[in-house]
Each structure stands twice: as C-alpha cells, then as structure tokens.
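Coordinates in review
The residues making up each chain are set out below.
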Amino acid sequence: DQQVKQNSPSLSVQEGRISILNCDYTNSMFDYFLWYKKYPAEGPTFLISISSIKDKNEDGRFTVFLNKSAKHLSLHIVPSQPGDSAVYFCAAVEGGNEKLTFGTGTRLTIIP
Amino acid sequence: DTEVTQTPKHLVMGMTNKKSLKCEQHMGHRAMYWYKQKAKKPPELMFVYSYEKLSINESVPSRFSPECPNSSLLNLHLHALQPEDSALYLCASSQDQNGMYTQYFGPGTRLTVL
C-alpha cells in the first residue's frame, strides 16, 4: 500500500519559470511533510517541511502548500534554475513514529 | 550546522569480509537512522535508534548489525553480505522541536559486494 504517491515520474520546466511538484497521501495521521532533493549517488538534501497544522511554508525560492482536505501537497520552486535539476522526493511522518514514508520521486529537468 | 557525516564514501568488499560503516552527527538529534537506497528508488528504512536504543528494525537480515555507541555516533557492521546488498547506505538524524520535524541525511556510503 503506497501511502505517499508522486504520480509524475518526470517534469521538464524552462529556466526562470515556476516548477510545481505534486504529492498525494492517504494516511490522515501524518503530522509532518518534507521535501528532499537528490542527485545521483548522493544522500537526499532536506529542502523544506510543513506541519499538518499549517497550509503554507516558504523558504527562499521554495514554497510548500498543504491541502489537508484533499490530502495533497505541492512544492513550488520560483524561479527555476539549472541546478534544480534532480530527483525530488516528498516524505511524511506521524509524530512520534520516527519513520519517514517516501514517495517514489519526480525527476525535474530545468531546460536552459 | 545541519551536517551528518559518513565514512567511508566508497566500500568494496567480498562476501566473506567483515566491515563497518560509520555515521556521526553533532546536532543533538535524539533519533538516528540507517537506510538502504537502490538506484531510482526512494530510501528504504533499515533501523532506527531513539535515545541510543534500537526502536525499529525493519526485518533486516542479521548480516547487518547496527550499533549506537553514543548519542552522536551510529555504526553499521557488515558480515557475509551478498552481491544484492550492493547499494547506497544512508545515515540520517532527526529532530522534532518547536512544532517542526526535520530529518537530515548524510552523503552515503556506496557499497559494492563482490
């Protein structure tokens, strides 16, 4: 049972435009949601997280939106830069559980 | 400082060897993790240590043996591995503080079992 889903395996965006990565989940007990960026053969880099009691969190070029009623979150990157090309994973955790549940990832390619 | 360090960066071992992977964090995080990642897949959780005690073992074969000597260090002892155990092994640490949860990963150890 895939509790966290990223339905788009890949996404291409023009440099300077907005990149929107989407993530859906089924477990209403998740308390926190996190986004990671991953380059090949490297560990995931933490980007931004959001608590389930909020609907938006912003950090520089990255903004995460959470729609609890739809069980949907999205990561917006504005403006997109060539260095943003990577695989992006969303993840979720139940408070006190200590176990991250990952989505399957979306490969983002920024076109110069 | 949001750094988790791992050594070695690369490791090649035979099926009869014994080796260890090391992980360190100085962020004061109370939970530390081992993950295994295969190409093009998300990380798979192996073990979780909370306050230096093993809290989660995701049915990992006994040829992988974790150890938490203190709150900053985490080891993964390897013995009699199989070629299918070749993967990127990731360490992470986490904190749940002031209403925000974060989990940081190390750069990983690329393990090849011959």
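You'll find the structure just up there.
Counting across every chain of the model gives two disulfides over all chains. Between the sulfur atoms of cysteine 23 of chain A and its disulfide partner cysteine 90 of chain A the distance amounts to 1.9 Å. Where cysteine 23 of chain A bonds to cysteine 90 of chain A through sulfur, the torsion about that S-S bond is close to 60 degrees, and the disulfide is right-handed. Taken together, the residues span a long stretch of sequence, with cysteine 23 of chain A in strand β3 (residues 19–25) and cysteine 90 of chain A in strand β9 (residues 86–93) at a distance of 67 residues. Judged on exposure class, the residue cysteine 23 of chain A and its partner cysteine 90 of chain A are both buried. One disulfide in the model links cysteine 23 of chain B with cysteine 91 of chain B; its S-S distance is 1.8 Å. Handedness here is read from the sign of the S-S torsion; for cysteine 23 of chain B and cysteine 91 of chain B, about -70 degrees, the answer is left-handed. Note that cysteine 23 of chain B is positioned in strand β3 (residues 18–25) and cysteine 91 of chain B in strand β9 (residues 87–97), a separation of 68 residues in sequence. Here cysteine 23 of chain B and cysteine 91 of chain B have matching classes, each one buried. Cysteine 23 of chain B supplies the cysteine sulfur nearest to cysteine 68 of chain B, a cysteine that is in no disulfide, at a spacing of 9.3 Å.

Here we take up the nonpolar core. Grouped together as the largest cluster of nonpolar side chains are 45 residues, with contacts concentrated most on Leu100 of chain A together with Trp34, Tyr35, Phe64, Leu76 and Leu78 of chain B. The element contributing the most residues to this core is β9 of chain B, with six residues. For phenylalanine 64 of chain B, the residues in contact, after removing those within four places along its chain, are Met46, Phe47, Leu76, His77, Leu78, Leu81, Asp85 and Tyr89 of chain B.

The rules behind each value
- Residues numbered from 1 in each chain as written.
- Chains lettered and ligands numbered in written order.
- Predicted model: local features only at pLDDT ≥ 70, side-chain atom pairs only at ≥ 80, totals over all residues.
- Heavy atoms only, no water.
- Disulfide = S-S within 2.5 Å.
- Helix = DSSP H or I, 4+ residues; strand = E, 2+ residues; numbered from the N terminus.
- Buried < 20%, exposed > 50% of the residue type's maximum accessible area, 1.4 Å probe, protein only.
- Core = buried A, V, L, I, M, F, W, Y, C linked by side-chain atoms within 4.5 Å.
- Contact = heavy atoms within 4.5 Å.

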